[in-house]
Amino acid sequence: MDLSHTEEERDFRARLREWLAKVLPELPAKPSPDDWPGRRAYDLGWQRRLYDAGYAGLHWPVDAGGRGATPTQHLIFLEETERAGAPYVGANFVGLLHAGPTIAAEGTPEQRARWLPPVLRGDEVWCQGFSEPGAGSDLASLRTRAVRDGDAYVVTGSKIWTSHAEVADWCELLVRTDPAAPKHRGITWLAMPMDAPGVTVRPLRTLAGSAEFAEVFLDEVRVPAANRVGAENDGWRVTMVTLSFERGTAFVGEVVACRRTLGALARAAQENGRWDDPVLRRRLGRLYGEFGALWRLTQWNVSEAQGSGGVPGTGGSVFKLAYSHARQELYEAAAEVLGAESLSLEEDWTAERLSSLSYTIAAGTSQIQHNIVAERILGLPKGR
């Protein structure tokens with residue numbers, strides 16, 4: 001891993017800072033957290049600005065519409081946009097961080113040409129149709145069925161925890177195409193248009209009052225066979241590519257955000273007198289060290305992905321496991337520093353604290369990550 005800064009990369013940082021200083025004051029006000037159509041428009045508007053300035057898909061391969069940036073340029077971009085308070089990917093996170101990279105790695109030239117430019121331009125939003133009521137951590141137990149009928153698949157079933165389904169144009173959908181095959185071998189990865197007849201979306205409201213998830217019901221939905229990414233019944237392998245991106249590189253911007261949050265907590269503790277507590281200072285210091293180590297691991301994962309053709313390795317599970325627990329502890333520490341102030345639902349701290357509880361479940365539970373680390377990295381035998 002070589003992440004030393006070249007003159008070209010220092011120039012890249014300076015140009016990016018200059019552009020951010022110019023464009024961020026021009027952004028409209030952020031919409032209400034409950035206004036998902038408004039948030040979609042806001043997030044895609046920011047994506048279009050990135051595209052027009054040449055920053056969209058910065059680290060994507062050139063033949064996928066990106067700039068083929070170095071790992072260091074990618075990390076500089078994340079550092080500078082977070083430090084400047086720029087919008088994150090928002091409603092477009094599945095398209096930019098999961099589905100888009102998967103199609104770039106596994107799609108045909110025609111599929112890449114159809115789906116990647118609209119993601120990068122901010123024209124279309126994707127959602128993820130993986131989990132089902134009876135197939136969460138054990139994703140391969142999914143039962144949503146797809147039957148081939150001529151040039152289309154007829155899909156029937158349901159999905160849950162489908163992020164941004166209510167504002168999405170497309171869904172990366174896992175279906176079972178061979179119910180007689182072993183459960184990992186009868187799955188297919190499809191791109192489903194969300195406006196297809198037979199698709200019903202019912203938003204789910206979280207503990208924090210947000211509705212970024214939904215149930216999706218599929219009643220004989222016809223999906224063109226041309227929308228299949230990878231071979232029929234090879235969807236589990238394609239899914240592993242998607243999950244590699246989700247666990248390996250999709251959270252990198254959030255590590256920068258957490259480090260900034262930790263600094264804000266330290267300043268708040270100094271202002272309200274909590275800094276005098278040596279136990280709290282040690283806790284914040286340990287978190288500072290943990291997030292510093294996570295940033296180094298992020299750099300390693302990004303470099304590994306770059307060196308392997310863009311697909312992260314199993315080290316993403318190490319990162320995801322450590323990050324999800326560190327994030328929870330960060331917001332536990334926030335409650336200790338801020339006291340009653342952190343209990344108000346009007347405060348961002350509370351929403352983030354409640355959101356942090358989901359990180360040991362999202363993108364694969366911590367128990368699943370432990371198994372992956374044990375079996376695929378350490379080579380330990382499977383548990384009985």
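As the structure is a computational prediction, the values presented were derived from the model and not from experiment.

Student: Would you mind going over the nonpolar core in detail, with residue names and values included?
Tutor: If you look at the biggest cluster of nonpolar residues, it comprises 69 residues, and the most contacted ones within it are W19, W46, Y55, F77, W126, W189 and F291. Setting aside its immediate chain neighbours within four residues, Y55 contacts F12, R15, L16, W19, L50, R67 and F77. Within the second largest apolar cluster, 22 residues are counted, among which are V175, M192, M194 and L218.

Student: Describe the layout of surface pockets, listing the residues and the values that go with them.
Tutor: Where empty space is left becomes clear once a probe the size of a water molecule has been rolled over the atoms. Taken as a whole, the second largest pocket holds about 190 Å³ of empty space. Every residue lining the second largest pocket is listed: E79, E82, R83, V256, R259, R260, Y288, F291, G292 and W295. Contributions of two or more residues to the lining of the second largest pocket are made by α3 (71-83), α7 (252-272) and α8 (278-307). If you tally residues by element for the lining of the second largest pocket, the top one is α8, at four residues. Taken together, the residues that form the lining of the second largest pocket break down as four nonpolar, one polar and five charged.

Student: So, unusual backbone geometry: which residues are in play, and what are the values?
Tutor: Positive phi values are uncommon outside glycine, yet W161 reaches one of about 60°. Within the fold, W161 resides in the loop between β3 (152-159) and β4 (170-176). Despite not being glycine, H164 shows a phi value in the positive range, around 60°. Note on placement: H164 falls in the loop between β3 and β4.

Student: Let's hear about the pattern of salt bridges: which residues, and what values?
Tutor: In the structure shown here, the tally under the stated rule is 23 salt bridges. Where R13 meets E80, a salt bridge forms, and the shortest distance between an N and an O atom there is 2.5 Å. One end of the pair, R13, is in helix α1 (residues 7-23); the other, E80, is in helix α3, and 67 residues separate them in sequence. A salt bridge links R222 to D149; the shortest N-O distance between them is 2.9 Å. On the criterion of sequence distance, the pair formed by R222 in strand β7 (residues 213-224) and D149 in strand β2 (residues 145-149) is long-range, its members being 73 residues apart. In this structure, a network of salt bridges that share partners links the residues R274, D277, R283, R286, E290, E329, E332 and E336.

Student: Break down the pairing of β2 for me, citing the residues and quoting the values.
Tutor: When β2 meets β3, the two strands line up antiparallel, connected through five bridges. Paired with A146 across the strands is V155, a residue of β3. In sequence, β2 turns back onto β3 through a hairpin of two residues, with G150 there showing a positive phi of about 70°.

Student: Please provide a residue-by-residue account of the packing of helix α4 (residues 93-106) against helix α5 (residues 109-121), values included.
Tutor: Following both chains from N to C, one finds α4 and α5 inclined at 155°, their axes separated by 10 Å at the closest point. In terms of orientation, α4 and α5 fall into the roughly antiparallel class. In this structure, α4 meets α5 at a crossing whose hand is left-handed. For the pair α4 and α5, the contacting residues are G95, L96, G100, I103, A104 and A105 in the first and Q111, R112, W115, L116, V119 and L120 in the second. Each residue belonging to the contact of α4 with α5 can be placed in one class, and the counts come to eight nonpolar, three polar and one charged.

Cut-offs and rules
- Residues numbered from 1 in each chain as written.
- Predicted model: local features only at pLDDT ≥ 70, side-chain atom pairs only at ≥ 80, totals over all residues.
- Heavy atoms only, no water.
- Core = buried A, V, L, I, M, F, W, Y, C linked by side-chain atoms within 4.5 Å.
- Buried < 20%, exposed > 50% of the residue type's maximum accessible area, 1.4 Å probe, protein only.
- Contact = heavy atoms within 4.5 Å.
- 1 Å grid on protein atoms, 1.4 Å probe; cavity = no way out; pocket = protein on both sides within 12 Å on 5 of 7 lines; lining within 4 Å.
- Points joined across faces, edges and corners; volume = space filled by probe spheres on them.
- Helix = DSSP H or I, 4+ residues; strand = E, 2+ residues; numbered from the N terminus.
- Nonpolar A, V, L, I, M, F, W, Y, C, P; charged D, E, K, R; others polar.
- Salt bridge = Lys/Arg side-chain N within 4 Å of Asp/Glu carboxyl O.
- Pairing = 2+ DSSP bridges.
- Axes fitted to C-alpha atoms, helices over the stretch in contact; angles between N-to-C directions.
- Parallel < 35°, antiparallel > 145°, perpendicular 65-115°, else oblique.
- Left-handed = near helix turned anticlockwise from the far one by under 90°.

The quantities given are spatial measurements derived from coordinates; they are silent on function.
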